[in-house]
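The lines below spell out each chain.
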Amino acid sequence: MNMKTIIAAFAVAAATVASAGTFRWTLTPGTGVDGNGIAYSNWTEAWYGVNSGSKDNTFSKERFTQDGDSYYIDIDFGTHKDGDLFKFGYNGAENKGWADTGSQDPAGKDYRGTIKWADILDATSNGVTYTGKFEGTDAGTFTIKSIPEPTSGLLLLLGTGLLALRRKTVRA
């Protein structure tokens, strides 16, 4: 196996690893109403919490890109342990029009959520989109999929190409 093949294989592997942290979170609000009679379609912010019931990471509706009836945002969820529990939700002004993915044990006041980070990674690492449903009548759905990060991949390939070119120039 020649050096160019090894360098190319390394660049492809490095680009894949570098892009593993960026995800597209797509939210499709439901057509129903919450317990207060507020339409889910009037949402103003979406959020997710990790190992807590609070809205740890909140994004305004303006940060999402609309695509038909759905909205998406590209984000890095950060580094988590396989057993970390995620809770996703969205709501309108004054927390009305609320929808989320539920709680592990509402009676025991454990609101950490029910979605394990390992389940999200398992689905997205195999090229499959993770799909979740918000609790409530017609409350909507969400998906999470891994997306490539072109900047890192391009920089790695450019650097590898320059190294190969430099090596060829030195031999001449």
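Residues numbered from 1 in each chain as written. Predicted model: local features only at pLDDT ≥ 70, side-chain atom pairs only at ≥ 80, totals over all residues. Heavy atoms only, no water.

## Here's the deal with the packing of aromatic side chains
Here comes step 1: By the definition in use, this model includes 23 aromatic pairs.
Here comes step 2: Aromatic side chains Phe23 and Trp117 sit 5.9 Å apart centroid to centroid with 70° between the ring planes, which places their arrangement in the edge-to-face category. Highlighted residues: Phe23 in strand 1 (residues 22-29) and Trp117 in helix 2 (residues 117-125), separated in sequence by 94 residues. Across the pair, exposure class does not vary: Phe23 and Trp117 are buried alike.
Here comes step 3: Taking the centre distance of 6.1 Å and the plane angle of 85° together, the rings of Phe77 and Phe88 count as edge-to-face. Of this pair, Phe77 sits in the loop between strand 5 (70-76) and strand 6 (85-91) while Phe88 sits in strand 6, and the two are eleven residues apart along the sequence. (Phe/Tyr/Trp six-rings, centres within 6.5 Å; stacked < 30°, edge-to-face > 60°. Helix = DSSP H or I, 4+ residues; strand = E, 2+ residues; numbered from the N terminus. Buried < 20%, exposed > 50% of the residue type's maximum accessible area, 1.4 Å probe, protein only.)

## Some details on the side chain of Asp34
Here comes step 1: Relative to the helices and strands, Asp34 is located in the loop between strand 1 and strand 2 (45-50).
Here comes step 2: Filtering out sequence-adjacent residues up to four positions away, Asp34 remains in contact with Tyr40, Lys96, Gly97 and Trp98. (Contact = heavy atoms within 4.5 Å.)

## Thoughts on the nonpolar core
The nonpolar side chains of a soluble globular protein tend to be buried with one another.
Here comes step 1: Grouped together as the largest cluster of nonpolar side chains are 27 residues, with contacts concentrated most on Trp25, Tyr48, Phe77, Phe86, Phe88 and Ile144.
Here comes step 2: Listed by contribution, the elements that provide at least two residues to this core are strand 1, strand 2, strand 5, strand 6, helix 2 and strand 10 (140-146).
Here comes step 3: What Phe88 contacts, discounting residues up to four positions off in sequence, is Trp25, Trp47, Tyr48, Phe77, Ala99, Asp100, Thr101, Ile115, Ile120, Phe134, Phe142 and Ile144. (Core = buried A, V, L, I, M, F, W, Y, C linked by side-chain atoms within 4.5 Å.)

## Let's talk about a nonpolar patch on the surface
Here comes step 1: A surface patch of nonpolar side chains, about 420 Å² in accessible area, is lined by Leu155, Leu158, Leu162 and Leu165.
Here comes step 2: Relative to the helices and strands, Leu155 resides in helix 3 (residues 150-171).
Here comes step 3: Exposure remark for Leu155: the relative accessible area of 57% places this residue in the exposed category. (Patch = residues over 30% accessible without salt bridge, like charges linked within 9 Å, V, L, I, M, F, W, Y side chains within 5 Å. Areas by Shrake-Rupley, 256 points an atom, 1.4 Å probe, with all protein chains shown as cover. Salt bridge = Lys/Arg side-chain N within 4 Å of Asp/Glu carboxyl O.)

## Quick notes on the pattern of salt bridges
Here comes step 1: Enumeration according to the criterion identifies two salt bridges in this entry.
Here comes step 2: A salt bridge links Arg24 to Asp74, with the shortest nitrogen-to-oxygen separation between them at 2.7 Å. Residue Arg24 is found in strand 1, and its partner Asp74 is found in strand 5; the two are separated by 50 residues along the sequence.
Here comes step 3: A salt bridge links Asp100 to Lys87; the nearest nitrogen and oxygen atoms lie 3.7 Å apart. Pair noted here: Asp100 is in strand 7 (residues 99-100) and Lys87 is in strand 6, with a separation of 13 residues, a long-range link. Here Asp100 matches Lys87 in class, with each residue buried.

## Let's talk about the sheet that holds strand 1
Remark on secondary structure: sheet strands pair via backbone hydrogen bonds, oriented parallel or antiparallel.
Here comes step 1: What the five strands build is an open sheet, ordered 4-5-1-10-9; its pairing is antiparallel. Because the sheet does not close on itself, it has two edges, and the strands there are strand 4 (65-67) and strand 9 (130-133). On average, each strand axis in the sheet is tilted by 25° relative to the strand beside it, whichever way the strands run.
Here comes step 2: Pairing of strand 4 with strand 5, which is carried by three bridges, proceeds in the antiparallel orientation. (Pairing = 2+ DSSP bridges. Axes fitted to C-alpha atoms, helices over the stretch in contact; angles between N-to-C directions.)

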